[in-house]
Amino acid sequence: MIKVVGLVLHPRRDCGAAIDAIVSWATSRDVTVLGLHDEINRIDCDAVAVDAEEMVERAGLLVSLGGDGTMLRTMRLVEGRKTPVLGVNVGRLGFLAEVDLPDLPGALSSIDEHRFTIESRTAVRTVLPDGEEVSAFNDIALVRVPGDGLAHVGINVEGSNFVRYAADAVIVATPTGSTAYSFSAGGPIVSPNVEGLLVSAAAAHSSFNRSLVLSPDEQLQLDVLATSGRLAIEVDGIIQGYAEAGQQLAIIPVPGAAQVIRFGQTSFYERARRKLRVEGSAQVGSGDATDATVVDSFEQSRYEILLGGELAGVLHYRRHSGQVELAHTEIDQAFEGRGLAGRLASAALEDARGRSTPVVVTCPYVAGYVERHPEYNDLLAARGNPG
């Protein structure tokens, strides 16, 4: 039974609604909510402000509120521990997060009822030239510094020189990071359940430009060659140091370094296809908008619009006090510009009419839709504040 929950917040996005939902859930179960001093003190909430060491030591669950960067930071906080991490997307579509903000109450109830699975994530670790040890869950990259020369990097595997890259960057990625920097450099998409390391070169100027896939048991070292310019060392996209010609970085994989919560509502491949807009046999974004179908996914409290067999968008709702609140509309980027949000709004309002259920509108899009379609004004019980 979880008795202490720790929160990690996005530094700029408004997490107030998510924090209120978590605190309300925790209060009803006598669960303590902790947050980091510099994050909680800027928000008026009932979470207890502590330092990172105390939060990691006490929390039985960490909740990441933000985007992918916040999720990576949360996993780094609990590296090597069994403390599970729940990623909540606050803002734009996140890749690593498991649930969106409107789904948070249901996710917390699922955790209460032990209806979730745990997925292990591999990290990569290295020691910087100044002696500092750093870890990443996406990637460690040697990146060309503007104004300096190319990244000339030798890939040393099992004590032997295998290949030399000349590129803008050389990236060592985990399977989790295969859909980030490595993907943009032409690397493969790899299931997070695979154990291994990916080595890719961004904008390679050498004749060999293929990615490598290595076993976690194989020793990997990056050698900054004498012909190389000064290189920035990026750890999960953040510059943590610099490497000069003649220096080496030993890359050490750490399998099972973090544990993330999954509910099984979407698979890795569904998230990858939607986030990366993978086209081809899946025909993402294809199909005639007139063939779109709207269904009420009442288990998840949302209307879903399907196009060509793909989930194209959702409209989240809440039913309470004999009313239905239309709270948030989101259309996948691959399906934008086809009028699907209007189809969702119309279907939700017609459903409410068929049920003789008064409607409360707090979704800005639906509020605007009703203003443009006054024939739905008779359904409104109250007008919420958009935003």
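To start, this report covers the structure provided alongside it. Since we're looking at a predicted model, the values are computed, not measured.

This brings us to the packing of aromatic side chains. Throughout the structure, instances matching the rule amount to six aromatic pairs. An aromatic cluster is present here, built from F162, Y165 and F208 joined pairwise through their rings. In this arrangement the basic side chain of R230 is found over the ring face of Y242, its NZ or CZ atom lying 3.9 Å from the centre. Here the guanidinium or amino end of R319 rests over the ring plane of Y317, the centre of that ring lying 4.8 Å away.

Summarising the element assignment, G256 is placed in strand β18 (residues 248–262). Considered as a pair, G256 and L276 are 20 residues apart in the sequence and their alpha carbons are 25 Å apart. Those residues in contact with G256 that sit more than four places away from it in its chain are S120, R121 and T122.

Turning next to the pairing of strand β7 (residues 117–127). The pairing of β7 with β18 spans eight bridges and is classified as antiparallel. Within the sheet, the bridge partner assigned to I118 lies in β18 and is I261. Here β7 pairs with strand β8 (residues 133–136) via four bridges, running antiparallel. Among the inter-strand pairings, V124 is bridged to a residue of β8, identified as A136. Connecting β7 to the antiparallel partner β8 that follows it, the hairpin turn spans five residues, and G131 within it adopts a positive phi of roughly 95 degrees.

This brings us to the sheet that holds strand β12 (residues 169–173). Taken together, six strands build an open sheet; the order of strands is β14-β13-β12-β9-β16-β17 and the sheet is antiparallel. The open sheet has two edge strands, β14 (212–214) and β17 (238–243), and neither has a second partner. Direction aside, the axes of adjacent strands within the sheet are offset by 20 degrees on average. Pairing of β12 with strand β13 (residues 197–202) involves five bridges; the strand directions are antiparallel. Its bridge partner being in β13, A173 is matched across the sheet by L198.

Thresholds, definitions, all that
- Residues numbered from 1 in each chain as written.
- Predicted model: local features only at pLDDT ≥ 70, side-chain atom pairs only at ≥ 80, totals over all residues.
- Heavy atoms only, no water.
- Phe/Tyr/Trp six-rings, centres within 6.5 Å; stacked < 30°, edge-to-face > 60°.
- Lys NZ or Arg CZ within 6 Å of the ring centre and 35° of its normal.
- Helix = DSSP H or I, 4+ residues; strand = E, 2+ residues; numbered from the N terminus.
- Contact = heavy atoms within 4.5 Å.
- Pairing = 2+ DSSP bridges.
- Axes fitted to C-alpha atoms, helices over the stretch in contact; angles between N-to-C directions.

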